[in-house]
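As a plain string of letters, each chain reads:
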Amino acid sequence: MAAADPGHPWQGVTFAATWGSRDVLDVRLVRPDLVAEISADCSIDQGGVWRHPLRFRRLRLDVGVEDVPRFGKESDAAVG
C-alpha cells in the first residue's frame, strides 16, 4: 500500500474505535488500489455519530478504482 496523495477526501477526519467511544484510532490514509463491497446502515444518533459499523462483504476485482465515484460526489449507491 502506498501513502495517500495530498487532497485525500478523508484528510483531517478522525475515526472512533467503537460506537460511543472517545478513543480515536491512529489512521494512515493510503492510495486506493482495490474496490471493496461493504454493507452500511445510515442510522445516526442525536450527537451525529454513525450508530452501526461498516461490514466488509467482498473484494470487487471486477470493478476498477476509476469506476467508483469519490465519496460524496454522487448520491446514488454503487450497485452491482
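(A) The arrangement of the overall build of the protein in detail. Assigned secondary structure in the protein consists of zero helices and two strands. Put simply, the protein has 80 residues, and 5% of those count as buried. A separation of at least 24 residues holds for 41% of the contacts in the protein among residues at least 6 apart in sequence. Element-wise, carbon and sulfur atoms account for 53% of the exposed surface of the protein, whose accessible area totals about 7300 Å².

(B) Summary view of the pattern of salt bridges. For the coordinates displayed, the defined rule picks out four salt bridges. Between glutamate 37 and arginine 60 there is a salt bridge, with its nearest N and O atoms 3.6 Å apart. Placement of glutamate 37 in strand 1 (residues 36-39) and of arginine 60 in the segment after strand 2 (55-59) is noted, with a sequence separation of 23 residues between them. Between arginine 60 and aspartate 62 there is a salt bridge, with its nearest N and O atoms 2.9 Å apart. Taking relative accessible area as the criterion, arginine 60 reaches 12% and is therefore assigned buried.

The rules behind the values
- Residues numbered from 1 in each chain as written.
- Predicted model: local features only at pLDDT ≥ 70, side-chain atom pairs only at ≥ 80, totals over all residues.
- Heavy atoms only, no water.
- Helix = DSSP H or I, 4+ residues; strand = E, 2+ residues; numbered from the N terminus.
- Buried < 20%, exposed > 50% of the residue type's maximum accessible area, 1.4 Å probe, protein only.
- Contact = heavy atoms within 4.5 Å.
- Areas by Shrake-Rupley, 256 points an atom, 1.4 Å probe, with all protein chains shown as cover.
- Salt bridge = Lys/Arg side-chain N within 4 Å of Asp/Glu carboxyl O.

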